[in-house]
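# Topology and contacts: notes
Below are the chains, spelled out letter by letter.
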Amino acid sequence: MSDREFTDADAQAAREQWFRYLDAVEPVRADLHTYCQHLTRTIWDAEDLVQDTLLKGFAMTARGDLHGVDGPVRNVKAYLFRVASNHWIDQQRKARRSQLHYQTEPEEAEEAGEVGSAIEKALQLSSPQEFIALVL
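About the criteria used
- Residues numbered from 1 in each chain as written.
- Predicted model: local features only at pLDDT ≥ 70, side-chain atom pairs only at ≥ 80, totals over all residues.
- Heavy atoms only, no water.
- Helix = DSSP H or I, 4+ residues; strand = E, 2+ residues; numbered from the N terminus.
- Buried < 20%, exposed > 50% of the residue type's maximum accessible area, 1.4 Å probe, protein only.
- Contact = heavy atoms within 4.5 Å.
- Areas by Shrake-Rupley, 256 points an atom, 1.4 Å probe, with all protein chains shown as cover.
- Salt bridge = Lys/Arg side-chain N within 4 Å of Asp/Glu carboxyl O.
- Axes fitted to C-alpha atoms, helices over the stretch in contact; angles between N-to-C directions.
- Left-handed = near helix turned anticlockwise from the far one by under 90°.
- Nonpolar A, V, L, I, M, F, W, Y, C, P; charged D, E, K, R; others polar.

### A few points about the overall build of the protein
Counting secondary structure elements, the protein contains 5 helices and 0 strands. Reading the helices (α) and strands (β) of the protein from amino to carboxyl end gives α-α-α-α-α. The buried share among the 136 residues of the protein stands at 29%. Counting contacts in the protein only where the partners sit at least 6 residues apart, residues at least 24 apart contribute 60% of the total. Surface exposure of the protein reaches about 9600 Å², of which carbon and sulfur atoms provide 54%.

Structural data, given as C-alpha cells:
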C-alpha cells in the first residue's frame, strides 16, 4: 500500500468513476435483475446477487475492464451476466460445502458426496449457462 493520503481530489475522482460506472450499467440493470431472479428464484436473493454483481463490476473498473476501446469487455450486459452467473455458482458450491461439513450421519454424507461429485463433474464439463439449464 501507498503511504500517500487519500485527498479530496481522490474522493472526487472516485465519485466521478462511480457515476460513469452507473451510467454504463443502468441500461442493463433491469435485465440483470430479471436474470438474477431467474437464477435465485426469489426477489430478495436476486437483489443481493444484483448488488454483489454490480459491486464486483465496479471493482473491475479499476482494471479498465468496462471502459475504453481497448478494454477487454465489449458487451457490458454479457460481462455482468457472466459475473452474476459465476458468483451464483460460487454461492451454490459454498452452500453445498457447508451442508456437507455439518452433516453427522455417515450415510447422508456419502449420498451427498455422490450428488456433489455429479454436480462438480457437471460444473467442470459445462459452461455456466449449460449448468444453469441443467439445474433449472
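### Description of unusual backbone geometry
Where the residue is not glycine, phi is negative for most of them; where a peptide bond is considered, it is trans in most cases. A positive phi angle, near 70°, is found at Arg41, a position not held by glycine. Here Arg41 is to be found in the loop between helix 1 (8-40) and helix 2 (43-61).

### As for the pattern of salt bridges
Counted according to the given criterion, the structure contains 4 salt bridges. One salt bridge connects Arg29 with Glu47, and the closest N-O pair in it is separated by 3.7 Å. Placement of Arg29 in helix 1 and of Glu47 in helix 2 is noted, with a sequence separation of 18 residues between them. Arg29 gets classed as partly exposed once you look at its relative accessible area, which sits at 28%. By relative accessible area, which is 27% here, Glu47 ends up partly exposed. Across the pair Asp90 and Arg93 runs a salt bridge, and its minimum N-O distance is 3.9 Å. One end of the pair is Asp90 and the other is Arg93, both in helix 3 (residues 76-102) and 3 residues apart, which spans about a single turn. Residue Asp90 is classed as partly exposed on the basis of its relative accessible area, which comes to 41%. Classification of Arg93 by relative accessible area gives partly exposed; the value is 24%.

### Remarks on the packing of helix 1 against helix 2
Packing of helix 1 against helix 2 brings their axes to within 8 Å, and their N-to-C directions diverge by 145°. Remark: the crossing between helix 1 and helix 2 carries right-handed chirality. Contacts between helix 1 and helix 2 involve Ala14, Gln17, Trp18, Tyr21, Val25, Arg29, Leu32, His33, Cys36, Gln37, Leu39 and Thr40 on the former and, on the latter, Ile43, Asp45, Ala46, Glu47, Leu49, Val50, Gln51, Thr53, Leu54, Gly57, Phe58 and Thr61. Broken down by class, the residue content of the contact of helix 1 with helix 2 amounts to 13 nonpolar, 8 polar and 3 charged.

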